[in-house]
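# Structural overview for review
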Amino acid sequence: MTTALITGATAGIGAAFARRLASQGHNLVLVARDTARLREQATELHDRHGIEAEVLSADLSTDAGIEAVAKRLADRTHPVDLLVNNAGFGNKGRYLEVPMADELTMLKVHCEAVLRLTSAATAGMKERGRGGVINVASVAAFVPRGTYGASKAWVVQFTQGAAKDLAGSGVRLMALCPGFVRTEFHERAGMGTGNIPGWMWLDADKLVATALADLARGKSVSVPDPRYKALMGLVKVTPRGLLGGVTSRTGRKYGPQ
Ligand SMILES: NC(=O)c1ccc[n+]([C@@H]2O[C@H](COP(=O)([O-])OP(=O)(O)OC[C@H]3O[C@@H](n4cnc5c(N)ncnc54)[C@H](OP(=O)(O)O)[C@@H]3O)[C@@H](O)[C@H]2O)c1
C-alpha cells in the first residue's frame, strides 16, 4: 500500500485529492492548520475507505510548520510515495495594497515551503527509485496576475527544472495549473467572483482525476481542462501588453478592506 501526503488537505482541491486517493486505497498524511477539521476528515476517510489517515497540523507559513512536514517526508521507515504541495491562498488586494508581511507569507507558503518539502520528499524517492510530486500552481502562472501569478510562475519553473534534473531516476514531478475552481479560496481572500463567467469554473474532483492521469502519463505541466488548454494556447500568441488588462481583472474584485 502506498502513502500520499497532501498539504492543504481539508478544503477545495486538497480535499478532492484526499477523497480520490483514499478511494484508490492509498494511505494518507493530511496537512493543514485546523486540527479539528483534519481529525474529522481523517476519521471519515478511514471509515469510508478503510485506509490509514494520519493527521499532521502545521502552518506552512512558519519554519516550525515546514520543518515538521519535511521531517515526516524524510522518515525512511514510513516512506511517502506521493507528495501533493497544494496549500495556498490569495491575498486581498492588488500590488501595493497588500501589506508586505502578507506578500512574504505568500512566498513562504507558495515557494519556500514547496521547495523545502519537495526536496525532503524527493531525496528518499530518488534512493528508492520511485515516487511522485504534484505542485499545485495555477494558469495565473502564464499571465500577468499580480504577485499571486508571480509566485505560481515560480512553482511551474521550479517543478519543470527539478523534473528535468531527476529525469530517469524514477521520480516524477508535475506542476498542476488549474483555472478557476469552486473552493473556499475566493471567499477566504475576500474576492468577489461575480465577473467570472460560469463556463470558466472547474470541478475539483474532475480536475484531480485528470491531474493524476497526467502524472501517470509523465507530464511535467498539467493544464487539466480543454477550455483552459485552448485559452493558454491563445495566451501564447497574444502580445503580453494586451493580456494585462483582461487577465488581471477577471475574478479580482475585492470587498471592503
Ligand atoms: N480555487 C481556485 O480557483 C484555484 C485556481 C488555481 C490554483 N489554485 C491553487 O490551488 C491550491 C488549493 O486552493 P483551494 O482553491 O483548494 O483553496 P481552499 O479551498 O481555500 O483550501 C486551502 C487549503 O490550504 C490550507 N492552508 C492554507 N494556508 C495554509 C498554511 N499556511 N499552512 C497549511 N495549510 C494551509 C487550508 O487549511 P487550513 O486553513 O486549515 O490551514 C485548506 O486546507 C492553492 O495553492 C491555490 O493557489 C486554486
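The following paragraphs examine the structure supplied in this document. The structure presented is a predicted model; accordingly, all values stated were derived computationally and were not measured.

### Re the overall build of the chain
Helix and strand counts for the chain stand at nine helices and nine strands. Its C-alpha radius of gyration of 18 Å places the chain within 12% of the 18 Å reference for a compact globule of 257 residues. Each principal axis of the C-alpha distribution contributes one length, and for the chain these read about 50 × 40 × 35 Å. The long-range share in the chain, meaning contacts at least 24 apart out of those at least 6 apart in sequence, stands at 70%.

### Details of the packing of helix H1 (residues 12–23) against helix H2 (residues 35–49)
In contact at an axis separation of 10 Å, H1 and H2 are set at 25° when each is read in the N-to-C sense. One way to sum up the angle between H1 and H2 is to call them roughly parallel. In terms of crossing hand, the pair formed by H1 and H2 is right-handed. Counting all contacts with H1, which are made through Ala 18, Ala 22 and Ser 23, the residues of H2 involved are Gln 41, Leu 45 and His 49.

### With respect to helix H4 (residues 100–128)
Counted at 1.5 Å a residue, the expected span for H4 with its 29 residues is 42 Å, and the 41 Å between its end C-alpha atoms agrees. At Lys 108, H4 is bent by approximately 35°, the largest bend along its length. Taken together, the buried positions of H4 are Lys 108, Val 109, His 110, Ala 113, Val 114, Leu 117, Thr 118, Ala 120, Ala 121, Thr 122 and Met 125. Along its buried surface, H4 packs onto helix H3 (63–73), strand E4 (82–85), strand E5 (131–136), helix H5 (146–165) and strand E6 (171–176). Taken from the residues just after H4, Gly 129 is the one with a positive phi, measuring 75°.

### Section: the packing of H4 against H5
At a closest axis distance of 10 Å, the pairing of H4 and H5 adopts a crossing angle of 10°. The orientation of H4 with respect to H5, classified from their angle, is roughly parallel. Mapping the contact onto sequence places Glu 103, Met 106, Leu 107, His 110, Cys 111, Val 114, Leu 115 and Thr 118 in H4 and Thr 147, Ser 151, Lys 152, Trp 154, Val 155, Phe 158 and Ala 162 in H5. Of the residues in the contact of H4 with H5, the class split is nine nonpolar, four polar and two charged.

### So, the environment of Gly 65
Structurally, Gly 65 can be placed in helix H3. Residue class for Gly 65 comes out buried when judged on the 21 C-beta atoms lying within 10 Å of it. As a C-alpha pair, Gly 65 and Arg 33 span 32 residues in sequence and 9.1 Å in three-dimensional space. Contact partners of Gly 65, with chain neighbours within four places excluded, come to Ala 58, Asp 59 and Leu 60.

### Describing the site of the ligand
In the region of the ligand, 30 residues are neighbours, and Gly 8, Gly 12, Arg 33, Gly 88 and Phe 185 sit closest. When residues in the shell around the ligand are grouped by element, the largest group, three residues, is from H1. Along the lines of polarity and charge, the residues of the shell around the ligand split into 14 nonpolar, ten polar and six charged.

Conventions adopted
Residues numbered from 1 in each chain as written. Predicted model: local features only at pLDDT ≥ 70, side-chain atom pairs only at ≥ 80, totals over all residues. Helix = DSSP H or I, 4+ residues; strand = E, 2+ residues; numbered from the N terminus. Rg over C-alpha atoms; globule rule 2.2 N^0.38 Å. Contact = placed C-beta atoms within 7 Å. Axes fitted to C-alpha atoms, helices over the stretch in contact; angles between N-to-C directions. Parallel < 35°, antiparallel > 145°, perpendicular 65-115°, else oblique. Left-handed = near helix turned anticlockwise from the far one by under 90°. Expected span 1.5 Å × (residues − 1). Bend = angle between axes of the 7 residues up to and from the residue. Buried ≥ 20, exposed ≤ 12 C-beta atoms within 10 Å, placed from the backbone. Nonpolar A, V, L, I, M, F, W, Y, C, P; charged D, E, K, R; others polar. Near = placed C-beta within 6 Å.

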